[in-house]
Amino acid sequence: TNEGLGKNSFIFTQKAIVRLTTIYNYLKSGVPVLLEGQTGTSKTLSSEIICKLTGEQFVKFDFCLETKASDLLGRYKSDVDSWSGLSMTIGPFRYAYENGCILLLDNINLASNECLKFIGDALDSKKISVEMPGMPLKEISMHPYFRLIAAQNPNNGLFANKRQDLDPDFFSRFQIIDFPSFEKDELVEIAQGLAKYFGYDVSEKFIQDLVDFHLIWSSRD
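Quick notes on the rules
Residues numbered from 1 in each chain as written. Predicted model: local features only at pLDDT ≥ 70, side-chain atom pairs only at ≥ 80, totals over all residues. Heavy atoms only, no water. Patch = residues over 30% accessible without salt bridge, like charges linked within 9 Å, V, L, I, M, F, W, Y side chains within 5 Å. Areas by Shrake-Rupley, 256 points an atom, 1.4 Å probe, with all protein chains shown as cover. Salt bridge = Lys/Arg side-chain N within 4 Å of Asp/Glu carboxyl O. Helix = DSSP H or I, 4+ residues; strand = E, 2+ residues; numbered from the N terminus. Pairing = 2+ DSSP bridges. Phe/Tyr/Trp six-rings, centres within 6.5 Å; stacked < 30°, edge-to-face > 60°. Buried < 20%, exposed > 50% of the residue type's maximum accessible area, 1.4 Å probe, protein only. Lys NZ or Arg CZ within 6 Å of the ring centre and 35° of its normal. Axes fitted to C-alpha atoms, helices over the stretch in contact; angles between N-to-C directions.

1. A closer look at a nonpolar patch on the surface
Now for step 1: A cluster of nonpolar residues, Y197, F198, Y200, V202, F206 and L210, forms a patch on the protein surface that exposes about 600 Å² of accessible area.
Now for step 2: Within the secondary structure layout, F198 lies in the loop between helix 7 (184-197) and helix 8 (204-218).

2. Here we look at the pairing of strand 1 (residues 33-36)
Now for step 1: As paired elements, strand 1 and strand 8 (residues 147-152) share four bridges and run parallel to each other. Its bridge partner lying in strand 8, L34 is registered against A150.
Now for step 2: When strand 1 meets strand 9 (residues 175-178), the two strands line up parallel, connected through four bridges. If you follow L34 over to strand 9, its bridge partner there is I176.

3. A closer look at the packing of aromatic side chains
Now for step 1: For the structure shown, the criterion picks out 10 aromatic pairs.
Now for step 2: Geometrically, the ring pair formed by Y197 and F198 is edge-to-face, given 4.9 Å between the ring centres and 90° between the ring planes.
Now for step 3: For Y197, a relative accessible area of 33% puts it in the partly exposed group.
Now for step 4: Stacked on the ring of F179, the Lys or Arg R19 has its end atom at 5.4 Å from the ring centre.

4. Description of the sheet that holds strand 1
By way of backbone hydrogen bonds, the strands of a sheet pair with one another, either parallel or antiparallel.
Now for step 1: On the basis of which strands lie adjacent, the open sheet formed by five strands has the order 2-5-8-1-9 and parallel pairing. A strand with exactly one partner marks an edge of an open sheet, and here the two such strands are strand 2 (58-62) and strand 9. For this sheet the average axis-to-axis angle between neighbouring strands, irrespective of direction, equals 20°.

Shown next, in the form of structure tokens:
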């Protein structure tokens, strides 16, 4: 049901339940997961739903081509109240890693090699080293409840040649979960659920016509 999910009108289709259960089981075992599928296949929303259902804190970060490892770890800024004159803003990866949150790294195949190496090293060693000017090197241990979800669009279609194919060694740390485009039966189930959720009084024929229109329109160039 949608009870307790606030404004999220997420429809729990049978296929969605299978995907959510698969993600949950891997995360429960501490295995990082990689969600792969086209835009609009509910990768991000499914991650949010898992966190809402389990009550875990959710942290999300979107990669772009300019993202640096320091964006994940944190940056120094001027601080007149600090004896060194600097303080560090905590990056999303470090925050989740240190506090035991579920972290979603979206568009992971836009990440630079520097970022991928940082993530891989942090997962393998279960430690992050942080340097502060004038202070000894600080080591941060991975929280036992830290969980990692990565998501990406495939490197084809509209995204061809704009994303990198991740190195197999990096991939090996993740369990890949496919998010295929919605088939007609699931779209009908979603449309029926949304009509009920929003209180729309529509016929079964209207639902079918709407889904058919969507499939025809979305198949065009």
